[in-house]
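Per-entry structural report
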Amino acid sequence: MASYHKPDEKTLQGLKDIANKLRIQSIKATCASKSGHPTSCCSAAELMSVLFFHTMRYKSNDPRNQCNDRFVMSKGHAAPILYAAWAEAGYVKESELLNLRKLDCDLEGHPTPKLAFVDVATGSLGQGLGAACGMAYTGKNFDKSSYRVYCMMGDGECSEGSVWEAMAFASYYQLDNLVAIMDVNRLGQSEPAPLQHDMETYRKRCEAFGWNTYVVDGHDVEELCKAFWQAQQVKGKPTCIVAKTFKGKGLKNIEDLENWHGKPIPADRVDDLLKDLQDRIQVPNKTLSPELPNDDTAPADTTTIVLPSPPGYKLGEKVATRRAYGKALARLGESSKRVVALDGDTKNSTFSETFKKAFPDRYIECFIAEQNMVSVAIGCATRDRTVAFASTFAAFFSRGYDQIRMGAISQSNVNLVGSHCGVSIGEDGPSQMALEDLAMFRAIPTCTVFYPSDAVSTERAVEMAANTKGICFIRTSRPETEVLYSPDEKFEVGVAKVVRQSKSDQVTVIGAGVTLHEALTAADILAKEGKNIRVIDPFTIKPLDAATILAAARETGRKIITVEDHYKEGGLGEAVLAAVAEDPSIVVTRLAVSGVPRSGKPQELLDLFGISAKCIVKAVQQTFAN
């Protein structure tokens, strides 16, 4: 094993000086913005100094270079010291730090990827480590490169369960290229963190989760240099540096005192404190430069990914869209090595197992930890290293909704696939039925919501999601449904399909997934009565094809019926209402699941909740009666 060489005294003093420079810049920036978290920055100053100017390898003029070591500031409220570090590295102009939190400045209150040195947005605490796991897994297993991943967490956020999901994941997959740093500064926002400075309990917890763990003095640069070097020597385990620090370190009558969280230094005290810090800097003009990374990671491939051949389904064949998803993903995996799949121990239900069988090296089992699965997928997708598809029952994505929300702020291009939607899953009962998922994903600003209704459109949804910017959600169904489209049918995001029409249509019915097939059955029943209806498959719920829907409504007596296997709130019906709002003469009748459902056979439940073919027939007859 390589032996450790202690840095020379000049280097150690340089690192101490940089730590105090970072404190000074964090205080000045938060005073200029009259808001922010200077005391949370001060506890991390030596950690940041050693990481950025001794340990990490990166090109300071090219922060998003694929070869660079990665850094995630999970305690996002300490953003000012991250910005100060990049100013010290020469990437951010020092004068720009004083524009912190201003409307026209990208140095926001918490870090976002508007900045080239930020891969994932943080600030909703407890999420950085999961994303760092995705980056480290990608570096080790997909890129097979030497870049390392560092994630700094606060002690307060270690109360979040998602932190320990990530801790379990990293040790299971032996991510020895990952280092977590716990900045244990004792104090939370409103009172001390639960363990305060009980460093031994932190050590035991980290070791129990399978991590190589060092407890260190977080303000001793020599001790930190050694701990980070030791972490690089360890194989087969991730490392956690548990650093005992003090909130507001170096600030007289503020250090280690409560009630200073999120408060800039008062104007009448700031000059004295800054002078005190400045006086500690022994060699003010000494610069330390980071080591350059190994040039062993290929640039990202961002070419369009296409299916190797058209979908191989026959019209009328019965295939569940969840099964079609698995086949589509495996076919897409043939076309591009960038395609990777993740699942939360539901692969034999979501059919991501089809991909796993074809490409076991590109499948990540995340087990029953959906919050972490979403974060890992977001991490895998950073810097365009992979095109990640994560699947589970759609209901369980509600578990990771904050991670999804932060994924949008992170400008992530992650793809999420939810199966087992609606009451049509049947006997398993309401805990397994996704009835809120469309509302959830429609509310995400960067999200495209695909709701394919047959196997062919599912394949095309998967292909499009792989090439669509932002978060994509694909809603798949459990029941087998007939193939409606020929293999050469063209699909586009935001373009609906009119699947049944005549010149004498008197109502437009819009269904998706299972309810589109119920609508077609209803159309057949009504046709025998001499009543024709137009049936529309929206394909994407967001964006919704308002033009096609408005045109159809105006040709069918300005009457629309929506039918969805989802609660009324936030689903297909409300999306259609918003789309036709400009024309108050259009009447929309919404058929949707009302109230908490129960177990039963799929058809019984569709009938009970008023979204089956016979219920559509009744609703159409009612519109005629009116």
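First, a word on what this report is: a plain description of the structure on this page. (Residues numbered from 1 in each chain as written. Predicted model: local features only at pLDDT ≥ 70, side-chain atom pairs only at ≥ 80, totals over all residues. Heavy atoms only, no water.)

Details of the overall build of the protein chain
Filter applied, for reference: Secondary structure follows DSSP: runs of H or I at least 4 residues long count as helices, runs of E at least 2 residues long count as strands, and numbering of each begins at the N terminus. Burial here depends on accessible area, computed with a 1.4 Å probe over protein chains only, as a share of the maximum for the residue type. Under 20% is buried, over 50% is exposed, and the range in between is partly exposed. By definition in these notes, contact holds between two residues if any of their heavy atoms fall within 4.5 Å. Note that accessible areas follow from Shrake-Rupley with a 1.4 Å probe, and for residues the cover is restricted to the protein chains shown. By the counting rule applied here, Lys and Arg register as positive and Asp and Glu as negative, while His and the ends of each chain are not counted. The atoms used to mark charge sites are NZ of Lys, CZ of Arg, CG of Asp and CD of Glu.
Helix and strand counts for the protein chain stand at 21 helices and 19 strands. Each of the 626 residues in the protein chain was classed as buried or not, and the buried ones make up 61%. Of the contacts made within the protein chain by residues no fewer than 6 positions apart, 78% connect residues no fewer than 24 positions apart. Of the roughly 23900 Å² of accessible surface on the protein chain, 48% is carried by carbon and sulfur atoms. Counting 73 positive and 77 negative side-chain charges, the protein chain places the averaged centre of each group 1 Å from the other.

Some thoughts on the sheet that holds strand β4 (residues 212–217)
Applicable threshold: Two strands pair under a simple rule: DSSP has to find at least two bridges between them. Every axis corresponds to a line fitted to the C-alpha atoms, with the helix fit spanning only the stretch in contact, and the corresponding angles, defined between N-to-C directions, vary from 0 to 180 degrees.
Pairing is parallel in the open sheet, where five strands are placed in the order β1-β2-β3-β5-β4. Each edge of the open sheet carries a strand with a single partner, namely β1 (70–73) and β4. Strand-to-strand twist of the sheet, defined as the mean angle between neighbouring strand axes without regard to direction, takes the value 20°. When strand β3 (residues 178–184) meets strand β5 (residues 239–244), the two strands line up parallel, connected through six bridges. Pairing of Ala 180 across the sheet is with Cys 240, part of β5.

Description of the packing of aromatic side chains
Keep this limit in mind: Two aromatic rings, drawn from Phe, Tyr or Trp (for Trp, its six-membered ring), form a pair once their centres lie within 6.5 Å of each other, and the interplanar angle then sorts them: stacked below 30 degrees, edge-to-face above 60, tilted otherwise. For a Lys NZ or an Arg CZ to count as sitting over a ring, it must be within 6 Å of the ring centre and within 35 degrees of the ring normal.
In this structure the tally under the stated criterion is 26 aromatic pairs. Taken together, a centroid distance of 4.8 Å and an interplanar angle of 90° make the contact between Tyr 172 and Tyr 173 edge-to-face. Seen in terms of ring centroids, Tyr 172 and Phe 367 are 5.2 Å apart; in terms of plane orientation they differ by 80°. Their pairing is edge-to-face. Placement of Tyr 172 in helix α6 (residues 161–172) and of Phe 367 in the loop between β8 (363–365) and α13 (370–381) is noted, with a sequence separation of 195 residues between them. Classification of Tyr 172 by relative accessible area gives exposed; the value is 53%. Judged by relative accessible area, which is 38%, Phe 367 ranks as partly exposed. Feature note: the residues Phe 52, Phe 53, Tyr 58, Phe 71, Tyr 83, Trp 86, Tyr 91 and Phe 117 constitute an aromatic cluster, connected by ring pairs. One residue, Lys 327, lies across the ring of Tyr 313, its end atom 4.8 Å from the ring centre.

Topic: α13
Here is the rule: To estimate the expected span of a helix, subtract one from its residue number and multiply by 1.5 Å.
Taking 1.5 Å of rise per residue, 12 residues should cover 16 Å, and α13 covers 17 Å from first to last C-alpha, within 8% of that figure. Counted residue by residue, α13 has 12 buried out of 12 residues, so it is predominantly covered. Buried within α13 we find Glu 370, Gln 371, Asn 372, Met 373, Val 374, Ser 375, Val 376, Ala 377, Ile 378, Gly 379, Cys 380 and Ala 381. In this structure, the buried side of α13 is in contact with α5 (128–142), α6, β7 (339–343), β8, β9 (387–393) and α14 (401–409).

Looking at the pairing of β1
Residues Arg 70 and Val 72 of β1 are buried on one face, and the alternating residues Phe 71 and Met 73, pointing to the opposite face, are buried as well. As paired strands, β1 and strand β2 (residues 149–154) are joined by four bridges and run parallel to one another. From the neighbouring strand, Val 72 faces β2, where its bridge partner is Cys 151.

So, the side chain of Glu 463
With respect to the helices, strands and loops of the structure, Glu 463 is situated in helix α16 (residues 455–466). Apart from the residues lying within four places of it in its own chain, the contact partners of Glu 463 are Ile 305, Val 306, Leu 307 and Leu 332.

Looking at the environment of Glu 463
Going by this rule: We define a polar contact as two N or O atoms separated by no more than 3.5 Å, with the added condition that, inside protein, one atom must be a possible hydrogen donor and the other a possible acceptor, whereas residues neighbouring each other in sequence contribute only through side-chain atom pairs.
By relative accessible area, Glu 463 is classed as buried at 13%. Spatially, the C-alpha atom of Glu 463 lies 59 Å from that of Asp 271, the residues being 192 residues apart in sequence. In terms of polar contacts, Glu 463 uses its side chain to reach the side chain of Arg 460, at 2.9 Å.

As for the packing of helix α1 (residues 9–33) against helix α9 (residues 267–280)
Using the following cut-off: Angle categories are assigned with fixed cut-offs, so that under 35 degrees is roughly parallel, over 145 is roughly antiparallel, 65 to 115 is roughly perpendicular, and the rest are oblique. It is the rotation of the near helix from the far one that decides the hand of a crossing: anticlockwise by less than a right angle makes it left-handed, clockwise makes it right-handed. Residues are grouped as follows: Ala, Val, Leu, Ile, Met, Phe, Trp, Tyr, Cys and Pro are nonpolar; Asp, Glu, Lys and Arg are charged; all remaining types, including Gly, are polar.
One way to put it is that α1 packs onto α9 with a least axis distance of 9 Å and a crossing angle of 165°. With respect to their mutual orientation, α1 and α9 come out roughly antiparallel. In the packing of α1 onto α9, the handedness of the crossing is left-handed. In this structure, α1 contributes Gln 13, Asp 17, Asn 20, Arg 23, Ile 24, Ile 27, Lys 28 and Cys 31 to the contact, and α9 contributes Val 270, Leu 274, Leu 277, Gln 278 and Arg 280. Class assignment for the residues of the contact of α1 with α9 results in six nonpolar, three polar and four charged.

Let's talk about the sheet that holds strand β16 (residues 532–537)
Spatially, the five strands line up as an open sheet ordered β14-β16-β15-β18-β19, and their pairing is mixed. If you trace the sheet from one side to the other, it starts and ends with β14 (497–500) and β19 (587–593), each paired once. Between one strand and the next, the sheet's axes are offset by a mean angle of 25°, whatever the strand orientation. Judged from the six bridges that link them, strand β18 (residues 559–567) and β19 form a sheet pairing that is parallel. Across the sheet, the residue bridging to Ile 561 is Thr 589, located in β19. Those strands touched by helix α17 (residues 514–528) are β14, β15 (505–511), β16 and β18, and its axis lies near 165° from that of β16. Across the sheet, helix α21 (residues 613–625) touches β15, β16, β18 and β19, and the angle it forms with β15 is around 145°.

So, α14
Within α14 the residues assigned to the buried category are Gln 403, Ile 404, Met 406, Gly 407 and Ala 408. If you follow the buried residues of α14, they end up packed against α6, α13, β10 (415–419) and α15 (437–442). Immediately downstream of α14, the backbone of Gln 411 shows phi near 55°, a positive value.

Notes on the pattern of salt bridges
As a working rule, side chains carrying opposite charge can pair if their charged atoms are close by. How we decide: When a carboxyl oxygen of Asp or Glu lies within 4 Å of a side-chain nitrogen of Lys or Arg, that pair is called a salt bridge.
Using the criterion set out here, one finds 32 salt bridges in the structure. For the salt bridge of Asp 301 with Arg 338, the shortest nitrogen-to-oxygen distance reads 4.0 Å. Remark: Arg 338 occurs in the loop between α10 (321–335) and β7 and Asp 301 occurs in the loop between α9 and β6 (318–320); sequence separation between them is 37 residues. Its relative accessible area of 15% is what places Arg 338 among the buried residues. Arg 475 serves as the salt-bridge partner of Asp 437, at 2.7 Å between the closest nitrogen and oxygen. Residue Asp 437 is found in helix α15, and its partner Arg 475 is found in strand β12 (residues 472–475); the two are separated by 38 residues along the sequence. Here Asp 437 and Arg 475 have matching classes, each one buried. Residues participating in the shared-partner salt-bridge network are Arg 554, Arg 558, Glu 582 and Asp 583.

Interpretation note: all reported values are geometric properties and have no functional meaning in isolation.
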